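Residue-level structural notes
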Amino acid sequence: MKLKIPFRRDVNTVCVVRLNGMIATGRGLNDAGLAPVLQKAFAKKPAAVALVINSPGGSPVQSSLIGARIRRLAEEFETPVYAFVEDVAASGGYWLAASADEIYIDASSVVGSIGVISSGFGLNQFIERHGIERRVHTAGSSKSMLDPFQPQKKADVTRLKSILDGIHQTFKDHINDRRGAKLAERDLFTGEIWVGQKAIDDGLADAIGHLVPTMKEKFGEKTRFRVLGQKKPLLSRVGMSLMGDVAHSIEERAAFARFGM
């Protein structure tokens, strides 16, 4: 039973979820790793959930899964979602930002890059020059599509372009669905990036604003913040700690060497 304390003013809580790094299966930001974090954030029934984003993008599938989960939870718990971009929310990172109801950025934040890319190398001339013979046997005419050790085929490039266009269309549909009414009436889906106020002018973000002051302005000066994040495996945390200790030791030794000690 919840006791009502006389003269106590209700204090709003904002759950903060940090989305930092590449978006990828396994390591980095991914739906499986973020699912319990997001569930916990919304289940606390806060006044709002704030996404603090610093991501250059990555997997289109994981971006879609995470974004869809954010929207499902926001609707299930009837909770507003605000995105706060730090250094960058590009490509898949911007996909996540667009999953929020409003996007706030710093004057120097980089956002956008609404496009899809596939890159690689052509090494067929290199191995030929060095007398290396490439032997590939497949069942299926397209199994070795875009093999970097074989000359590029026009049909392969055409097929890849079709695949990229399909993924790009899904990306565009998501942005139009989330921010269509706010977007400038020109092509914003070229893969271009925007910085600060220019992103706001073109409707990719709503305003310049930082987490704490913006949330306090919306929900009161006494707003509390509960920060949640994706937990790293124990071995990973220990490894990072050891790497930090080694780096610190090297830095100290270098300092001694500079001063002749």
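Before going into details, it helps to say that this report is about the structure given with it. Residue numbers restart at each chain and count upward from 1, following the sequence in its written direction. Per-residue local features of the predicted model are confined to residues with pLDDT of at least 70, and side-chain atom pairs are confined, for both listing and counting, to 80 or more; whole-chain, interface and lining totals are unaffected and use all residues. The side-chain quantities take in all heavy atoms of the structure and omit both hydrogens and water.

**Thoughts on the pairing of strand E4 (residues 102-105)**
- At least two bridges found by DSSP between two strands are what make those strands a pair. In this description a helix means any DSSP run of H or I spanning at least four residues, a strand means any run of E spanning at least two, and both kinds are numbered starting from the N terminus. Looking at chain direction, strand E3 (residues 81-90) and E4 are connected through four bridges and run parallel. Following the sheet pairing, Tyr82 is matched in E4 by Glu102.
- Handedness of the E3-helix H3 (residues 92-98)-E4 crossover: right-handed.
- Bridge count for E4 against strand E7 (residues 207-208) is two bridges, and the pairing is parallel. Counterpart to Tyr104 in the pairing with E7 is Ala207. Here the term right-handed applies to a crossover when the path leading from its first strand over the helix to its second strand runs clockwise, the strands being oriented away from the viewer.

**Regarding unusual backbone geometry**
- Although it is not a glycine, Lys45 adopts a positive phi angle of roughly 50°.
- With respect to the helices and strands, the residue Lys45 is situated in the loop between helix H1 (31-43) and strand E2 (48-55).
- The buried label goes to any residue with under 20% of its type's maximum accessible area, the exposed label to any with over 50%, and the partly exposed label to all in between, with areas taken from a 1.4 Å probe on protein chains only. Assessed through its relative accessible area of 65%, Lys45 is described here as exposed.
- Located in the positive-phi region is Ser113, a residue other than glycine, with phi close to 55°.
- The topology assignment puts Ser113 in the loop between strand E5 (110-112) and helix H4 (124-129).

**Looking at the packing of H1 against helix H2 (residues 60-77)**
- Fitting a line to C-alpha atoms yields each axis, with helices limited to the stretch in contact; the angle taken between N-to-C directions then spans 0 to 180 degrees. It is the contact of H1 with H2, at a shortest axis distance of 10 Å, that shows an interaxial angle of 15°. Comparing their axes, H2 and H1 come out roughly parallel. Where H1 crosses over H2, the handedness of that crossing is right-handed. Residue-level contacts link Asp31, Leu34, Ala35, Leu38, Gln39, Phe42 and Ala43 of H1 to Gln62, Leu65, Ile66, Arg69, Ile70, Leu73, Ala74 and Phe77 of H2.
- Among the residues making up the contact of H1 with H2, the classes are represented as eleven nonpolar, two polar and two charged. Convention used here: angles under 35 degrees read as roughly parallel, angles over 145 as roughly antiparallel, angles from 65 to 115 as roughly perpendicular, and any remaining angle as oblique. Here a crossing is called left-handed whenever its near helix is offset anticlockwise from the far helix by less than a right angle, and right-handed whenever the offset is clockwise. Contacts were defined at the residue level, with two residues in contact if any of their heavy atoms lie within 4.5 Å. Each residue is assigned to one class: nonpolar for Ala, Val, Leu, Ile, Met, Phe, Trp, Tyr, Cys and Pro, charged for Asp, Glu, Lys and Arg, and polar for all the others, Gly among them.

**Side note on helix H7 (residues 211-219)**
- Along H7, the positions that sit buried rather than exposed are Leu211, Thr214, Met215 and Phe219. Around the axis of H7, the buried residues are gathered within 110° of arc, so they sit on the same side. H7 presents Pro213 and Glu217 as exposed residues on the side facing more than 90 degrees away from its buried surface.
- Tucked inside the fold, the buried residues of H7 contact strand E1 (13-20), E2, E3, E4 and strand E8 (224-228).
- Phi turns positive, to about 110°, at Gly220, one or two residues after H7. Along the arc lie the directions from the helix axis toward the C-beta atoms.

**Here's the deal with the packing of aromatic side chains**
- For Phe, Tyr and Trp, rings pair up if their centres lie within 6.5 Å, where Trp contributes its six-membered ring, and each pair is then called stacked (planes under 30 degrees apart), edge-to-face (over 60) or tilted (otherwise). The full count for this structure, using the stated rule, is three aromatic pairs.
- Where Tyr82 meets Phe219, the ring centres are 6.2 Å apart and the plane angle is 75°; that geometry is what we call edge-to-face. A residue pair is termed long-range when its members are at least 10 positions apart, and Tyr82 in strand E3 and Phe219 in helix H7 qualify at 137 residues. Pair check on accessibility: Tyr82 and Phe219 agree, each one buried.

**As for a nonpolar patch on the surface**
- Residues with no salt bridge and a relative accessible area higher than 30% make up the patches, which join like charges within 9 Å and nonpolar side chains (Val, Leu, Ile, Met, Phe, Trp, Tyr) within 5 Å. Computed with the Shrake-Rupley method and a 1.4 Å probe, the accessible areas treat only the protein chains shown as cover for residues. A pairing counts as a salt bridge when a side-chain nitrogen of Lys or Arg comes within 4 Å of a carboxyl oxygen of Asp or Glu. Side chains of Phe121, Leu123 and Phe126 sit close together on the surface and give an oily, nonpolar patch of about 330 Å² of accessible area.
- As for its position among the elements, Leu123 is in the loop between E5 and H4.

**Details of the pattern of salt bridges**
- Summed over all chains, the structure comprises ten salt bridges.
- Note that Arg69 is salt-bridged to Asp31, the shortest N-O span being 2.7 Å. Here Arg69, found in helix H2, pairs with Asp31, found in helix H1; they are 38 residues apart in sequence, far enough to count as distant.
- For Asp31, a relative accessible area of 12% translates into the label buried.

**Digging into the side chain of Ser91**
- Turning to its location among the elements, Ser91 is positioned in the loop between E3 and H3.
- Each residue touching Ser91, except ones within four places of it in the same chain, is listed here: Pro56, Gly57, Gly112, Ser113, Gly115 and Phe171.

**Topic: H1**
- How far a helix is expected to stretch is found by multiplying one less than its residue total by 1.5 Å. Given a rise of 1.5 Å per residue, 13 residues ought to cover 18 Å, and the 17 Å separating the end C-alpha atoms of H1 matches this to within 8%.
- The inward-facing, buried residues of H1 contact E1, E2, H2, E3 and E8.
- Looking one or two residues beyond H1, the residue adopting positive phi is Lys45, at roughly 50°.

**So, the side chain of His168**
- Within the element layout of this structure, His168 appears in helix H5 (residues 154-179).
- Ignoring any residue separated from it by four or fewer positions in sequence, one finds His168 in contact with Ile114, Gly115, Val116 and Phe189.

**Re the pairing of E1**
- Burial analysis of E1 places six of its eight residues in the buried class, the great majority of the element.
- Where E1 meets E8, five bridges bridge the pair, whose relative direction is parallel. Opposite Thr13, over in E8, you have Arg224 as the bridge partner.
- In this structure, E1 lies alongside E2, joined through seven bridges in parallel fashion. In the sheet register, Val16 faces E2, and the bridge partner there is Ala50.
- For the crossover that starts at E1, traverses H1 and ends in the parallel E2, the hand is right-handed.

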